[in-house]
Structure formats: C-alpha cells, structure tokens
Amino acid sequence: QVQQNVERLFTRFVEEGKATVRLREPAVDLCLSKANVINLKTFLSAVRLAHQGSDAGALPLSPLVPAKNSDVEKPKTKMIITSRRDYPLTKSFPFSLEHLQTSYCKLARIDTRVLCLRKLRKLDLSHNHIKQLPPTLGDLVCLQELDLHDNHLEAFSAALCSSSLQKSLQLLDLSQNQIQALPIEFCQLQGLVQLKLDDNALLRLPCRIGQLSHLRFLSAARNKLPFLPSDFRKLYLEKLDLFGNPFEQPNPLVPNIQLKIPLTLLECAARATINHRIPYGCHLLPSHLCKDLEVAKTCRCGSACLSSFIQITVTMNLHHVAYTVVLVDNMGGTEAPILCYFCSLDCYSQFLDRHLQRNG
C-alpha cells in the first residue's frame, strides 16, 4: 500500500543511483542502490504520484523485469564499530539492524539514533563513557542482550525495569561500572537468564532477587557485598561467581533486634495483608505503603514482618543454589553469609536452641 503511506523520500544521492523510500506502515526503509539513474527517477516520480492517490494507469511505470539474486541487496542486520574514527556521525543506522556493537567509541551517552532501531536484539555498548541510561532504551521491544560492560554507570534506571525489557531482556552485562545498588524494581526483569555485575561497588544485591526465576548465570565478583539477601535462597543457578567480596563472619548469637512489643497497628495490618494474601495496590493504599509491603521480610516460620523483626546472618553453602560455584576466596571456600529474619522472640529462640544443639 503506497497511497498516503510514504513518510519521506531521500533523494540526495539519486544521481549515484541511490535512494530511500520510508514507509509509515510498516515502519521500514526501502533502500535502493546501484540503480539506473533514469529508471530510478521514473520510479520515484511514480511513488510520489501513487502516494498522492493518482490513478494507476497514469503512473509512469515500465514493464516489470524479474531481478537477479545478485542485484538484490539484503537488509543489513549486523554492524560492528570498534573505534571512534569509524563511528557514523552523519549517516543514520540501518533500521533493519538486529545486532549493533559500538565499543571503544568514547560515547558519553546512548545515541538517540540507536534508540530508534526497534528490531535490535543485541546491543553492545561496552568500553565507553556512558553515565546514564535513558528511559527510552526500554522502547527496544525486541532487545534480548544488553552489554554495558566497562562504562561509568552509577545506577540502573528503575523505569527500565518497568518497560518492555521485563519480558525481552535475557542477558545483561553491567560489569566494570560504579554501581553501588540496584533498584527494588530490578527484579521485575524476570526474563533474565544471565546477569553480570562484576567489578562494581555493590553494597547489596536486590532484596527480591529470588523473583528472577529464569536466572541461571550470576556473577558479582569483586564488589563490596557484606552478606547476601535472604531471598537469595530461592535461586536455581547453573553457575555462581561471588569471588572477592568482603563477606562478614556470620554470628547468629549477635542479633540485630528491631522488634517492637507490642506490635504497632501498622505492623499487624501489614503482616495480615501478606500472610493472608489480601490484594492491595496503589488504588487502595498510599504508594509508600505498597512499596513497604513489596519488600517485607519473611521469617523462618514463613510469616511476614515489615519493620518489626530480629535479623541475624547465618552461613549458607552456595552449592544449595548453584550447580557450579566459583570459590568465594583464596582459601577454597564456597560459603557466604546470608540474612535471616524472625518475626518474634519465640521464633528466634527456637532457631537458637537448634543452632546451639548442632554446635554444642
């Protein structure tokens, strides 16, 4: 369909036998090259008339001659640029690209032209100087692999975690950046299979990391993690690498007591909402209460606790969550401290009795 469907004609290089017809629906570019100049001009004239609704009989079309396979130029689906000198400053990227790599180009931000490549499945922006990620990166609905290795990122946008990347993104490489924490919303990226967080400044992992049910490869080596979140137990990994983190020595006998007795009305209501799976949302509760409920702790007994709890760290063998474990330190260890919560003194006392009996 051509009538009223031509977005723009690019004819700057028509004398070289090149032109581009940009359609509205589907949103594609028809790139013509190596064409006979006279025939090309005739064709473009016919496209203009057809777009304006002219009668088919009035169009200056020549008889169709089947094109040879050698004359047909296939749409470009892959482009690799590994130096600033080769980075295109005046030419646009082909809209047909599915794999784009622009590494070692000293980019301070993501090019807006890249954000228009809706067919991209793999985007490699490693070894640049990117400090922030635009929310529109989430508009790349087909994106499966995103490599941001060796940049200057200090955060990962919460907006991206609520975008179409939730379902499409399978591989994310954020290694060698300056990230100290990931947002709570990060665990909405439930399509993730491989996550690389090595060589950052991470002080903690997302508290709901267990929601990443498809995650199979996780590396967070050489960060600043003192312990793992309690939700870490829910992971089922093929390979895990936590080497070089300053893990604290667990001490179940020194609890962090945040328990308030008697429980506040807010705490009682929050526990009841989660324990009885009562539906809630921002249309029923203030947004800050919804966020609190989303990060509620879970006691060893299975009950929820919000801001009233007892917290300790215990030792977990990482083989409980991963088939292959890279050694945690140079001493050959495969254990790490993990947070553990209790909703009451009774639950903590029962745990303590069992712990003392095992280590008596």
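Residues numbered from 1 in each chain as written. Predicted model: local features only at pLDDT ≥ 70, side-chain atom pairs only at ≥ 80, totals over all residues. Heavy atoms only, no water.

An unreviewed UniProt entry annotates the protein chain as LLR1 protein originating from Origma solitaria.

**Looking at the domain arrangement of the protein chain**
The domains assigned to the protein chain are domain 1 (6-52), domain 2 (78-224) and domain 3 (256-314 + 337-358). Computed over C-alpha atoms only, the centres of domain 2 and domain 3 are separated by 34 Å. (Domains from an automatic or database assignment.)

**Description of a nonpolar patch on the surface**
Taken together, the side chains of L253, V254 and L356 define a hydrophobic patch exposed on the protein surface, amounting to about 280 Å² of accessible area. Examined against the element boundaries, V254 turns out to sit in the loop between β11 (237-241) and β12 (256-257). (Patch = residues over 30% accessible without salt bridge, like charges linked within 9 Å, V, L, I, M, F, W, Y side chains within 5 Å. Areas by Shrake-Rupley, 256 points an atom, 1.4 Å probe, with all protein chains shown as cover. Salt bridge = Lys/Arg side-chain N within 4 Å of Asp/Glu carboxyl O. Helix = DSSP H or I, 4+ residues; strand = E, 2+ residues; numbered from the N terminus.)

**Let's talk about helix α1 (residues 37-51)**
Residue pairs three or four apart in sequence face the same way in an α-helix, which turns once every 3.6 residues. Between its first and last C-alpha, α1 extends 21 Å over 15 residues, near the 21 Å set by a 1.5 Å rise per residue. Regarding α1, the residues found buried are L40, L44, A46, V47, A50 and H51. The arc enclosing the buried residues of α1, seen along the axis, measures out at 160 degrees, which places them on a common side. For α1, the secondary structure elements touched by its buried residues are β1 (6-10), β2 (19-23) and β3 (29-32). In this structure N36 caps α1, since a side-chain oxygen of it lies 3.0 Å from the backbone nitrogen of I38. The first or second residue beyond α1 is G53, which carries a positive phi of 95 degrees. (Expected span 1.5 Å × (residues − 1). Buried < 20%, exposed > 50% of the residue type's maximum accessible area, 1.4 Å probe, protein only. Arc of directions from axis to C-beta. Contact = heavy atoms within 4.5 Å. Polar contact = N/O pair within 3.5 Å; in protein donor to acceptor, adjacent residues only side chain to side chain.)

**Structural notes on the pairing of β11**
Sheet analysis places strand β10 (residues 217-219) next to β11, joined by 3 bridges and oriented parallel. Looking at β11, one finds that S219 is bridged to D241. Relative to strand β16 (residues 322-326), β11 runs parallel, the two being bridged by 4 bridges. Of the residues in β16, the one forming a bridge with D241 is V326. (Pairing = 2+ DSSP bridges.)

**Some points on the nonpolar core**
Burial of nonpolar side chains together is a common tendency in soluble globular proteins. By size, the foremost hydrophobic cluster in this structure holds 77 residues, and its most contacted members are L123, F156, L172, L218, L228, F232 and L318. The set of elements that each furnish at least two residues to this core consists of β4 (78-81), α2 (158-161), β11, β15 (310-317), β16, β17 (335-342) and α6 (345-358). In terms of residue count, the dominant contributor to this core is β17 (6 residues). Split by domain, this core shows at least three residues from each of two domains, domain 2 (78-224) and domain 3 (256-314 + 337-358). Not counting the four nearest positions on each side in its chain, L172 is found in contact with L146, F156, F186, L189, L192, Q194, L195 and K196. (Core = buried A, V, L, I, M, F, W, Y, C linked by side-chain atoms within 4.5 Å.)

**What to know about unusual backbone geometry**
In this structure, P26 follows E25 across a cis peptide bond, with omega equal to 0 degrees. Residue placement: P26 occurs in the loop between β2 and β3. P262 follows I261 through a cis peptide bond whose omega is 0 degrees. One non-glycine residue with positive phi stands out, namely K106, at about 60 degrees.

**As for the side chain of R271**
Here R271 lies in helix α4 (residues 265-275). On the basis of relative accessibility, which here comes to 12%, the residue R271 falls in the buried class. With near-sequence residues (within four places) excluded, R271 lies in contact with L259, L263, A304, C305, S308 and C343.

**Re a positive patch on the surface**
A cluster of basic side chains, namely R233, R300, R354 and R358, defines a positive patch on the protein surface. Among the structural elements, R300 can be located in the loop between β13 (297-298) and β14 (304-305). (Lys, Arg positive; Asp, Glu negative; His and termini not counted. Charge placed at Lys NZ, Arg CZ, Asp CG, Glu CD.)

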